[in-house]
Structure formats: C-alpha cells, structure tokens
Amino acid sequence: MDLQVVIRDNQLSQELKDKMWEVYQPYYSYTKEYFMDRVAKNNYYSFYMNGDQVVGFTGLRINEFNINGENYFTIYFGQTVIKSEYRGSSLIQKTGIKLSIKFFHKLVSCKSFFWADALTFRSYQKIKKTLEQYYPSFREEMPEEVKQLRNYIGQTHYPETFCAKTGTVIKTENVVTDTSAKIDEKHLADPDIAFFAQTNKNHAEGHGLITMGPINTTNLIRIAVKIVKRSVCSLTKSAKIRTLFPENPQAA
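Report follows, based on the coordinates. (Residues numbered from 1 in each chain as written. Predicted model: local features only at pLDDT ≥ 70, side-chain atom pairs only at ≥ 80, totals over all residues. Heavy atoms only, no water.)

With that settled, the discussion passes to the packing of helix H5 (residues 121-130) against helix H7 (residues 191-199). H7 packs onto H5 with a crossing angle of 125 degrees between their chain directions and a minimal axis gap of 10 Å. Classified by the angle their axes make, H5 and H7 are oblique. With respect to the hand of their crossing, H5 and H7 are arranged in right-handed fashion. Residue-level contacts link Phe 121, Tyr 124, Gln 125 and Lys 128 of H5 to Asp 192, Ile 193, Phe 195 and Phe 196 of H7. The residue makeup of the contact of H5 with H7, split by class, is 5 nonpolar, 1 polar and 2 charged. (Axes fitted to C-alpha atoms, helices over the stretch in contact; angles between N-to-C directions. Helix = DSSP H or I, 4+ residues; strand = E, 2+ residues; numbered from the N terminus. Parallel < 35°, antiparallel > 145°, perpendicular 65-115°, else oblique. Left-handed = near helix turned anticlockwise from the far one by under 90°. Contact = heavy atoms within 4.5 Å. Nonpolar A, V, L, I, M, F, W, Y, C, P; charged D, E, K, R; others polar.)

Okay, structure coming up:
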C-alpha cells in the first residue's frame, strides 16, 4: 500500500471538501455545517492519498508570533481523521517531516513547536509515540517558557473556553463517536493514559488537552527513526507474504 502525504494550502474545491466530509463523518458527531466552519479555520491541510482517493487528512494552523521579544513558529495538528484500514502507516510522522522541510527557514529562525488539542487518550498517545519531548507529561515538568507559550496559544485560539490552570479546552459536547477512544479501567494501567485522564479530568465530556512538542533535533530524529522502522517492517511483511503466496505458484 503506497500511501502519499500531500501538503497544500486551504484553497480547496467544494468537491474536495465534500470528499473530506465523507471520510470524517463516521468518526465524529459534528454537523456538516460545523465541519465546514472548522475547515475554514485551518490555513493548510495534509492529505493522505491512496492513488486519487482521499483516505484521511489533518488540518493545520501554521502561525508565527512574538512573545516577550522571542519569535515563535507553531504548527497545529487537528481535525485529523484516517480511515481505520489505513492507520499505522506513519502518516502523521511523515506529515511532520514534510512540514519541517517545507518550513525549514522558519525552524532555524524561531523557537518552533508542534501542538494539538488532544480530545482523547489516543490523540495524546499518538503525540507521545511520535515525539521524544512533549508536554504535559508525567516524565518531565513543563518548563515555564513552554507553559507561557501554551497559555498564549490557548488564549489566542480558544479565548472563551481555555483554562490556563489545567491547560484544557472546554467543549460543549463530546463529538468523538469512535468507541475505541473511550478510556476503560484496563487502559489506566498505562501511565501515560492515566496521566492524560488525571490531567484532563473532563475528557469524557469531550474536553481537550493542549499538548506540545518542540520541533528540535531530538524530536525530528525520533520521527525519522519511527518512519524507517515502520517501512522496514512493512517491507519484511510483504516479502513474507510473497514467499507464502507467490504470484507464480509454479516458481515456488
């Protein structure tokens, strides 16, 4: 399966937005009108393509601003959906690498961060599995500079619903319909999930946890290594399948 990651700006045709809605609708309870309103708030998109078929996408908000004399460059990942049969292909990680290459000039001139509003433990775990350094985390206390940046982002993007004390975004309803994102008692044995549940105490009501990671050498190496490992595993698996089921049985 040769999936492609395509980064493009938010000049989207209505036909493409309708295809996006078809992919998104089974996993969330948004109305189509609200979905389209959210599409308009993102200035870039990462599309996940199987040939000419859209099998997923991520909304991106890419911004640059100044806080206390420091220049910051931030990349928001949100509105992400990937059809279940196409998950596990490092699409989010590939998006991160492509964006880092595309905006390399910004990364070297600003303090740069990825961030997301994690509505579920699965979103939080995706960040944890992708990045070596991320906040908040039970492994490391959040630096004051990162906390200030988080609060700035929260107050800028969610002025009416952001809580600086908890770093969470209050939602009026839980819009996630994917039952695999529900936290059961068995999940709490995982310290990362337990931390997410404790930090975002109202996750069951749909509240989000602003989660951030610096775009630095440590995190980019982690992303690249993960992509390579997954590619090697995929090639090895394909080779085993071809050995067991050769295209030309007489050659076996």
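To continue, consider the pairing of strand E3 (residues 53-67). Counted residue by residue, E3 has 11 buried out of 15 residues, so it is predominantly covered. Pairing geometry for strand E2 (residues 44-50) and E3, over 7 bridges, is antiparallel. The residue of E3 that forms the bridge with Ser 46 is Thr 58. In textbook terms, the turn of a hairpin is the stretch between consecutive antiparallel strands, and for E2 and E3 this stretch comprises 2 residues, one of which, Gly 51, has a positive phi near 70 degrees. Of the pairings in the sheet, the one linking E3 to strand E4 (residues 70-82) comprises 11 bridges and is antiparallel in character. For Gly 59, the partnering residue across the bridge sits in E4 and is Gly 78. Linkage of E3 to E4, two consecutive antiparallel strands, is achieved through a turn of 2 residues, within which Asn 68 is found at a positive phi near 50 degrees. (Buried < 20%, exposed > 50% of the residue type's maximum accessible area, 1.4 Å probe, protein only. Pairing = 2+ DSSP bridges.)

Ordered in space as E1-E2-E3-E4-E5-E8-E7-E6, the 8 strands form an open sheet in which the pairing is mixed. In this open sheet, the two edge strands, each paired with only one partner strand, are strand E1 (4-9) and strand E6 (162-163). Pairing of strand E7 (residues 168-169) with strand E8 (residues 208-214), which is carried by 2 bridges, proceeds in the antiparallel orientation. Each residue of the ladder has a partner; that of Thr 168, found in E8, is Leu 209. Each of E1, E2, E3 and E4 is contacted by helix H1 (residues 14-24), which is oriented at about 105 degrees to E3, the strand it contacts most. Each of E2, E3 and E4 is contacted by helix H2 (residues 32-41), which is oriented at about 150 degrees to E4, the strand it contacts most.

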